[in-house]
Amino acid sequence: MRKLMVAVLVVACLFGSMARAAENREYGLSFPTLANIFFATLQEAVERKAEELNVNIVSLEANNEVARQISIVEDMIVQGKAGLLLVPIETDAVVPAVEKLNAAGIPVVTVDRRISPEFGVKVLAHVGADNVIGGENAAKFIVDRLTKLHGEPKGTVIELYGFVGSGPAIDRSEGFQRIMKQYPNIEVKTQTAQFMRDEGMRVMEDFIVSTPRIDAVFGANDEMVMGAIEAMQASGKFDFSKLITVGFDAIDDALQSIRDGVLTGTIEQFPGKQASQGFEVLYSFVAKGDKPASEVILIEPQVVHKGNIDELY
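Not measured: the values here are computed from a predicted model.

Colleague: Give a detailed account of the side chain of Thr245, specifying residues and quantitative values.
Modeller: Looking at the secondary structure, you find Thr245 in strand E9 (residues 244-246). The buried category is assigned to Thr245, whose relative accessible area is 0%.

Encoded structure:
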């Protein structure tokens, strides 16, 4: 009996040590760039959650370079990270790196940008905004404002597309176009601005020259639409009490611009909530063996405008 009790104690101690080891191991976070405030917010949320859970996290940006992100993931495999929270730059290009994570037995949770199941790699879970719905909500908001201005849904709308090949850019445009195609009197002109403010400014300068009338602008992130607004302000050709401008991400600059009566609206996709929830899913699996209830966790984005901004923030 005594030998049995000793054996039980030894096993209990062993499992306790394993659990503590799992809790104390480092986790990795790989994301596109800190130059984008959205990813800076995401990183801060993960760091707060890691501190709350009393675990270490190594966070590395890839400067929007796919090859660099793949190299970062491979280094984290060599370092034996307990798990990886991944925001892919391009969802298809990062697949080989995720295959290596799978082979090494390192669990991965994606945030914001989802890797399609068709690639066959194993992802513990994906946590992100429903970007298709976000694009739809932006389009519906613009259609409603155009109707109020003109008595019917009509006009010329500029769509600033995001980083080519990224999941959010594809999904937001899909949702946006799906709604806009229902209104034949609305013309949509689309051009990529790479999710960057200076590109948003440059692309909008070209549109100002080539397009006689612009009624609305939708940017697949706030950086692009804020750059576009700078270009339109510099031109002196636009009445911002009538021009409809909508972004995506609800960064501080965008929220202040709404309060100032310049930006009409933005889409809040709750990046902090995505990031902290994604990391908690990863930690719970590594430290406790808890599998997520769902492999895809989506948060519905919401339009922020002058009428609800004080209520939301």
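After that view, the rundown keeps rolling.
Colleague: Help me get a handle on the packing of aromatic side chains, residues and values and all.
Modeller: On inspection of all chains with the given rule, the structure shows four aromatic pairs. Judged by centre distance (5.3 Å) and plane angle (70°), the ring pair of Tyr27 and Phe279 falls under edge-to-face. One end of the pair, Tyr27, is in strand E1 (residues 27-31); the other, Phe279, is in helix H10 (residues 271-288), with 252 residues separating them in the sequence. Overall, Phe279 belongs to the buried group, its relative accessible area being 0%.

Colleague: Help me get a handle on the pattern of salt bridges, residues and values and all.
Modeller: For the coordinates displayed, the defined rule picks out 18 salt bridges. Lys49 is the partner of Glu52 in a salt bridge, and the nearest nitrogen-oxygen pair spans 3.3 Å. Within this pair, Glu52 and its partner Lys49 are both found in helix H2 (residues 37-53), separated by three residues, close to a single helical turn. The exposure class assigned to Lys49 is buried, which follows from its relative accessible area of 11%. Between Arg202 and Asp206 there is a salt bridge; the shortest N-O distance is 3.5 Å. With Arg202 and Asp206 both in helix H7 (residues 197-210) and four residues apart, this pair spans about one turn of that helix. On the accessibility criterion, Arg202 (38% relative accessible area) is partly exposed. For Asp206, a relative accessible area of 45% puts it in the partly exposed group. A single network of salt bridges, built from pairs that share partners, joins Asp112, Arg113, Arg172 and Asp249.

Colleague: Please provide a residue-by-residue account of empty space enclosed by the protein, values included.
Modeller: Applying the stated criterion across every chain yields a total of one cavity of 30 Å³ or more. Considering only enclosed or pocket space, the largest cavity measures out at about 60 Å³ in volume. Forming the boundary of the largest cavity are Asn36, Phe38, Phe39, Asp112, Arg113, Pro168, Arg172, Phe195, Asn221, Asp249 and Gln269. Counting residues per element, the ones that place at least two in the lining of the largest cavity are H2 and helix H6 (167-180). Classifying every residue of the lining of the largest cavity by side-chain character gives four nonpolar, three polar and four charged.

Colleague: Pulling in residues and values, what's your account of the packing of H2 against H10?
Modeller: Remark: H2 packs on H10, axes separated minimally by 8 Å, with the N-to-C direction vectors making an angle of 40°. Classified by the angle between their axes, H2 and H10 sit oblique to one another. In the crossing of H2 with H10, the sense of the turn from one axis to the other is right-handed. Contact with H2, carried on its side by Phe38, Thr41, Leu42, Ala45, Val46, Lys49, Ala50 and Leu53, involves Pro271, Gly272, Gln274, Ala275, Ser276, Phe279, Glu280 and Tyr283 of H10 and no other residues of that element. A class-by-class count of the residues in the contact of H2 with H10 yields ten nonpolar, four polar and two charged.

Colleague: Please give an account of the nonpolar core that cites residues and values.
Modeller: Formed by 51 residues in total, the largest nonpolar core has its most connected members in Leu160, Met204, Ile214, Val217 and Met232. Broken down by secondary-structure element, the contributors of at least two residues to this core are helix H3 (66-78), strand E3 (84-86), helix H4 (95-104), strand E6 (155-161), H7, helix H8 (222-235) and helix H9 (252-259). In terms of residue count, the dominant contributor to this core is H8 (seven residues). Counting residues in hydrophobic clusters, the runner-up holds 27 residues, among them Leu42, Leu53, Ala125 and Ala275.

Colleague: Describe the packing of H3 against H4, naming the residues involved and giving the relevant values.
Modeller: Closest axis-to-axis distance for the H3/H4 pair is 9 Å, and the angle between their directions is 10°. On the basis of their axis angle, the class for H3 and H4 is roughly parallel. Contact with H3, carried on its side by Ile70, Val73, Glu74 and Ile77, involves Ala97, Lys100, Leu101 and Ala104 of H4 and no other residues of that element. Considered class by class, the residues forming the contact of H3 with H4 number six nonpolar, no polar and two charged.

Parameters and conventions
Residues numbered from 1 in each chain as written. Predicted model: local features only at pLDDT ≥ 70, side-chain atom pairs only at ≥ 80, totals over all residues. Heavy atoms only, no water. Helix = DSSP H or I, 4+ residues; strand = E, 2+ residues; numbered from the N terminus. Buried < 20%, exposed > 50% of the residue type's maximum accessible area, 1.4 Å probe, protein only. Phe/Tyr/Trp six-rings, centres within 6.5 Å; stacked < 30°, edge-to-face > 60°. Salt bridge = Lys/Arg side-chain N within 4 Å of Asp/Glu carboxyl O. 1 Å grid on protein atoms, 1.4 Å probe; cavity = no way out; pocket = protein on both sides within 12 Å on 5 of 7 lines; lining within 4 Å. Points joined across faces, edges and corners; volume = space filled by probe spheres on them. Nonpolar A, V, L, I, M, F, W, Y, C, P; charged D, E, K, R; others polar. Axes fitted to C-alpha atoms, helices over the stretch in contact; angles between N-to-C directions. Parallel < 35°, antiparallel > 145°, perpendicular 65-115°, else oblique. Left-handed = near helix turned anticlockwise from the far one by under 90°. Contact = heavy atoms within 4.5 Å. Core = buried A, V, L, I, M, F, W, Y, C linked by side-chain atoms within 4.5 Å.

Everything listed here is a matter of coordinates, which is why it stays silent on function.
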